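# Per-entry structural report
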Amino acid sequence: MKKIVLIVITLFLAFLYFNSQPKDILKVVNGQEVYISRPYQLVPLKRYPVVMAIPGNGRDARNYYKDNKKGLDFYTRQRDLAMQSGAIFVVVSNTSEPWGSNKELQNLIKTYDFVQAKFPVEKKWTIWGTSEGGVSMNRMVIEYPNRVKSVIGTFPVYDLEDMFINNQPTRERWKSKQKVERINPAQFPKKLAKKPYLIFHGKDDEVVPVNHSIRLKNELVKNDGEVYLNIVKGGHSSNNMRLYNDEKIKEFLNKSFK
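This section reports on the structure supplied with the text. The numbering scheme is per chain: residues are counted from 1 as the chain's sequence reads. Where local features are concerned, this predicted model is filtered to residues with pLDDT of at least 70; where side-chain atom pairs are given and counted, the filter is 80 or more; whole-chain, interface and lining totals use all residues. Side-chain measures here rest on the full set of heavy atoms in the structure, leaving out hydrogens and waters.

### Section: the overall build of the protein chain
Put simply, the test is: Counting from the N terminus, the helices are DSSP H or I runs at least four residues long and the strands are E runs at least two residues long. Both definitions apply: the radius of gyration is a C-alpha atom measure, and the globule rule equals 2.2 Å times residues to the power 0.38. Only heavy atoms matter for contacts: two residues are in contact if any of them lie within 4.5 Å across the pair. Only the protein chains shown count as cover for residues, and the accessible areas themselves come from Shrake-Rupley with a 1.4 Å probe.
Counting its regular elements, the protein chain contains 10 helices and eight strands. For 258 residues, the compact-globule estimate of 2.2 N^0.38 gives 18 Å, and the C-alpha radius of gyration of the protein chain, at 19 Å, lies within 12% of that figure. Along the first, second and third principal axes, the C-alpha atoms of the protein chain reach 75 × 35 × 35 Å. Of the contacts formed within the protein chain by residues at least 6 apart in sequence, a portion of 70% connects residues at least 24 apart. Put simply, the protein chain shows about 12900 Å² of open surface, and 51% of that area lies on carbon and sulfur atoms.

In structure tokens, the structure reads:
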């Protein structure tokens, strides 16, 4: 009898463990690879919060995929924190597009529509932009506010015009200052101030200067925005794990998901 009870308990624990593990999915949406990580067993009738990550220059969806050979600790950390907070995690590859472009924004919206159609998820998502991904992160807030609940940024670009002037790769990518001016998030602080922000930035960042996040905070707060800025040691590097404060991120996510 004891053996039967032990077997039943073991099988039950194995079932719970199996169903608590994430299910990783790779799809192609609008010509771009999309990585989705969700609970293996979805609870019936439940609507799940979503964290959509937007990577920076040269990164793609597989960098966030923990069990993929391209997975990198710096990016899989975002996936882990989202999953631990009970969210479905989504990221789109946009390596062929300039960050912040209309095409990238279209890819994000097409992915949003795909996930909405295929999974039981909330209408408003948390957007997590890294580096140049901060441009599209902010464009989502400005142009699609009904699809955004909150925002997390990891050394995110705020003033695209400043990057155009001071960063050669940005000039090569955009060519025209007029195009930059039309979509520059720094032109729309009132619209950005309508969503809560949690930002992490290295004080020694030489690629996206920390002043981007300081300006974002100051300008959004002037417009009654809610911004939590964490300036840490180190610079613009995927080795700078100080850019993650697990407790603050989980607290922010849990508050957003209520």
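Okay, back to it.
### Details of the pattern of salt bridges
A side chain of one charge can pair with a side chain of the opposite charge when the charged atoms of the two come close. The line we're drawing: Counted as salt bridges are all cases of a side-chain nitrogen of Lys or Arg within 4 Å of a carboxyl oxygen of Asp or Glu. Per-residue accessibility, obtained with a 1.4 Å probe over protein chains only, is compared with the maximum for each type, and a residue is labelled buried under 20%, exposed over 50%, and partly exposed between these values.
Inspection of every chain in the model, using the stated rule, returns 13 salt bridges. Here Asp60 ties to Lys70 by a salt bridge, and the two come within 2.3 Å at their closest N and O atoms. Here Asp60, found in the loop between strand E3 (50–54) and helix H2 (73–84), pairs with Lys70, found in the loop between E3 and H2; they are 10 residues apart in sequence, far enough to count as distant. Assessed through its relative accessible area of 11%, Asp60 is described here as buried. One salt bridge connects Asp80 with Arg79, and the closest N-O pair in it is separated by 2.8 Å. Connected through salt bridges with shared partners, the residues Asp24, Lys66, Arg79 and Asp80 form a single ionic network.

### Focus: the side chain of Ser37
The criterion, for reference: N or O atoms closer than or at 3.5 Å make up a polar contact, with two conditions inside protein: a donor-capable atom paired with an acceptor-capable one, and, for residues adjacent in sequence, both atoms drawn from side chains.
Inspection of the secondary structure puts Ser37 in strand E2 (residues 32–39). Taking relative accessible area as the criterion, Ser37 reaches 0% and is therefore assigned buried. Side-chain polar atoms of Ser37 contact the side chain of Arg79, separated by 3.4 Å. Setting aside its immediate chain neighbours within four residues, Ser37 contacts Pro22, Lys23, Asp24, Arg79, Met83, Ala87, Ile88 and Phe89.

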